[in-house]
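Geometric and topological summary
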Amino acid sequence: MIAKISSGKSTAGLIWYLFDTKKAKDRTDPHLVASWDGFAPDPGRAEDFDATKKLLVADLDLRVKQARRLGRAPEQYVWHCSVRAAPEDRELTDDEWAEVARRVVHATGIAPEGDPDGCHWVAVRHAPDHIHIAATKVRGDLSAARHWNDYRNADRELVAVEKEYGLHQVARGDRTAAKRPTRAEQEKARRRGRGTTAREQLRTTVRTAVAAASTIEEFAHLLSQIDGVLTQVVYFPSGDVRGYKIALKGDTNAQGDPVWFSGSELAPDLSFPKIRERLDAIEPATDQQLNWDRPDPWHQTITMIELIPHRLDQADDEASQAHLHAFGEVLDALPLLAPRQLQSQLRDAASAFERATRSRIRAEQHQARALRSAARATLREPPPKDGALLAMLLDAAVLVVIAAVRWHQLRHHDQQVEAARQALLHIQIAYDQAAVAPLAALSQGRPSQQIVDRHIHRVRRAVPSQAERVLADPAFDALVAVLSGAEAAGHDPDQLLRQATDQRALDDARHPARVLTWRVQRLSTGQASSSRDRVARVRSTVKPGSAPARPAEFTPPQPSVPGRRR
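Residues numbered from 1 in each chain as written. Predicted model: local features only at pLDDT ≥ 70, side-chain atom pairs only at ≥ 80, totals over all residues. Heavy atoms only, no water.

Quick word on the packing of helix α16 (residues 414-443) against helix α19 (residues 476-488)
For clarity, the threshold we go by: Note on geometry: axes are lines fitted to C-alpha atoms, helical ones only across the stretch in contact, with angles between N-to-C directions running from 0 to 180 degrees. Secondary structure elements follow DSSP: runs of H or I of four or more residues count as helices, runs of E of two or more count as strands, with numbering from the N terminus. Here roughly perpendicular refers to angles of 65 to 115 degrees, roughly parallel to angles under 35, roughly antiparallel to angles over 145, and oblique to all remaining angles. Helix crossings are classified by the rotation of the near helix relative to the far one: an anticlockwise turn of less than a right angle makes the crossing left-handed, while a clockwise turn makes it right-handed. Residue contacts follow a heavy-atom distance rule, with two residues in contact if any of their heavy atoms lie within 4.5 Å. In this classification, the charged set is Asp, Glu, Lys and Arg, the nonpolar set is Ala, Val, Leu, Ile, Met, Phe, Trp, Tyr, Cys and Pro, and all remaining amino acids, among them Gly, are polar.
Where α16 contacts α19, the two axes come as close as 8 Å, and the packing angle between them is 60 degrees. The angle between α16 and α19 places the two elements in the oblique class. Between α16 and α19 lies a crossing of left-handed hand. Contact residues: Leu439, Leu442 and Ser443 in α16; Asp477, Ala478, Ala481 and Val482 in α19. Across the contact of α16 with α19, the residue classes tally to five nonpolar, one polar and one charged.

Okay, structure coming up:
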C-alpha cells in the first residue's frame, strides 16, 4: 500500500473532489467507509447530495471556525491522505478499508485512538483499490494537530497492514530517490507526444555528461554543447563554476518561458556540489599512466568492475556505496560506445540502476577513483569492432548487479533492490546480443576432438561442481578454442582455468562457459595481470596535482531517455 499526503485550505473543495463522478469517470459509488465518530453525514448515501455535502463540510470545519475566531487556525488546515492498494492485491471490503483508515489517522497523530480531542476526519471510497482520508487539522482543545513525520508514520503502519492482510509488500524508499515527475509534467509530455517527461529526459542527459566529463569545467562545457537543451552555468566572480540550470528546448510555462531545473531538482546526486565531489574524486591520468605497456582502458575498466563484487563483500559500506555509484557512471557512458542495436537496452539499464546507486549510506567517492578514471579513458578508445571487449564488460557487469542486489537486500534497501533487478534484466538482454558474434567467431577455431577431450578433463578438474553445466553450455566450443589458443601461445590451460574460477564462483552464472571464455581470454592476452597488481600499478603512476587527461573527442548526449538471471 502507498500513502500520499498533502495539505490544503478548502474542505469544501476537497469533499467536492472526492464525491465528484462527472469529471472523473473512474469514480464509482463514492461513499464514506469511516469517520471520526461513525456518524458523519454521507453525501454518497443521501437523497439530497448537495445538502448533505454542506452538512459534512460544516461538521469537519466546526473547530476550524472556532479556532479562527481566536486567531489560532492554521492557514493550511485541510489534511488529505490517499491510501492505494497494489494492482495485484485482492479487493478489500469497506470494513477492511475502514480499519486501514483508523490505523492511519492513529499512526499519524491526526486522531490517536482513545483521544477525545482528535481531529475530525472521514474516509471516502470512490474506487475499489483506494480510499481518501480528509481531515481538518484542529483538535478539540483548538490546538493544531500534532502530525509530525506523518508520511513516515503512515508508511510504517501500512507495512504492518500489508503483512497482516496478506497484501503485496511494497518496496519502501529511504528518501534518496530522484523526484518523480508531477502529474502536470506527465500530462504535458503526453500532449506533446513524448514518452518521457522533460525532467526525466534532462536527468539522463546530465548523467551522461557527468559520466563523460573529467573535470567540473569540462562538465559545464559539455552541457553547453548539447543540442536540444538550454543550459545556464552560473559563475563566481573568480570565474569558477557556482552551479547550473538546464531546460528542454520547447518545454515552456504558461508565460512562454523555459521551464528550468536545477541539478538537485533532477536527482539528489546531480546537485552541483555532489557532481563536483564526484569529479574531484577522479584519479588524474598522466601520460606515463596512459602509456605503460600500452594497457587497454577497456581491460582496466573490466578488471576494476570485476573487483566490485569482492568490495561489496567487505565491511566498508562507504567504499561499497562509492563503487556502486562509479559503476552507475560506467553504465551511463556505455550507450555512447555501444553499437546502435544495444543502446536502447543499455540506456534502460543505466536509467534503472541509477536508483541503486544511492542510499542513506554516504559514499566515500575517493575510494572509486581508479574505476572512474579507467571508465573515462574508454571514451578515448572505442572497443574493437569484433565486440569481444564489450561482451566481456557486460559479462562482468551482470555479476556486479547481482552482487548489488544482495548488498542492498542485506541492508533492507527495498527500492534499490527492485531497481537493480530491473537493470539486471536489461543488461542480460544486451549481453546476450553482444556475445553472439564474438562467441561465434571464437567457436570457428574449435580444435580436433582429441584436444577437446583433453580440455574436458581440465574443466572437470578445475570446476568439478559446475563441470556438467560448463560442458552443456553452447559457448563451450568458444571456451575450448580460447584454451587451445592460450596453450599454443605458451600458457598453462590448467592454471588459466584455476585463475578464472578463483575470480568468482560460477553459481550465479546462467552461461558458465561464457564466463570462463571471457576470463581465460583476458588472462591469456597478457592484458589482465592480477587485479591487485594492476590497481597498485595505476596508483603508483599518479602524481598529486597532475592534470586530468581529456577525451580526444566526445559527442554530447542527446536529451532523450532510454527509455535473466544470468
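What about the sheet that holds strand β5 (residues 130-136)?
Cut-off, in case you're wondering: When DSSP finds two or more bridges between two strands, those strands count as paired.
Pairing in this open sheet of five strands is antiparallel, and the strands run β1-β3-β5-β4-β2 from one edge to the other. Every interior strand has two partners, whereas the edge strands, β1 (2-8) and β2 (31-35), have only one. Going from strand to strand, the sheet's axes swing by 25 degrees on average, the running direction of each strand aside. In this structure, strand β3 (residues 78-84) lies alongside β5, joined through seven bridges in antiparallel fashion. Paired with valine 78 across the two strands is threonine 136, which belongs to β5. With respect to the sheet, helix α3 (residues 94-108) is in contact with β2, β3, β4 (121-127) and β5, its orientation differing from that of β3 by roughly 130 degrees. Lying over the sheet, helix α4 (residues 150-165) contacts β1 and β3, oriented at roughly 155 degrees with respect to β1.

Quick notes on the sheet that holds strand β8 (residues 261-262)
Ordered by their spatial adjacency, three strands build an open sheet running β6-β7-β8, and the pairing between neighbours is antiparallel. Edge positions in the open sheet fall to β6 (229-235) and β8, since each of these has one partner strand only. Bridging between strand β7 (residues 241-248) and β8 involves two bridges; their strand directions are antiparallel. Residue pairing for β8: isoleucine 246 is matched across the bridge by phenylalanine 261. Those strands touched by helix α6 (residues 198-212) are β6, β7 and β8, and its axis lies near 135 degrees from that of β7.

Considering the pattern of salt bridges
If the charged atoms of two oppositely charged side chains come close together, the side chains can form a pair. Short version of the rule: Criterion for a salt bridge: a side-chain nitrogen of Lys or Arg within 4 Å of a carboxyl oxygen of Asp or Glu. Partly exposed residues are those whose accessible area sits between 20% and 50% of the maximum for their type, while under 20% is buried and over 50% is exposed, using a 1.4 Å probe and protein chains only.
Per the counting criterion, the structure on display carries 33 salt bridges. Between arginine 45 and aspartate 29 there is a salt bridge, with its nearest N and O atoms 2.7 Å apart. Taken as a pair, arginine 45 in the loop between β2 and α2 (49-69) and aspartate 29 in the loop between α1 (11-19) and β2 lie far apart in primary sequence, 16 residues in all. Relative accessible area serves as the criterion here: at 49%, arginine 45 is assigned to the partly exposed category. Look at the salt bridges and you will find they share partners, linking Arg207, Asp269, Arg278, Glu329, Glu354, Arg358, Arg372 and Arg376 into a network.

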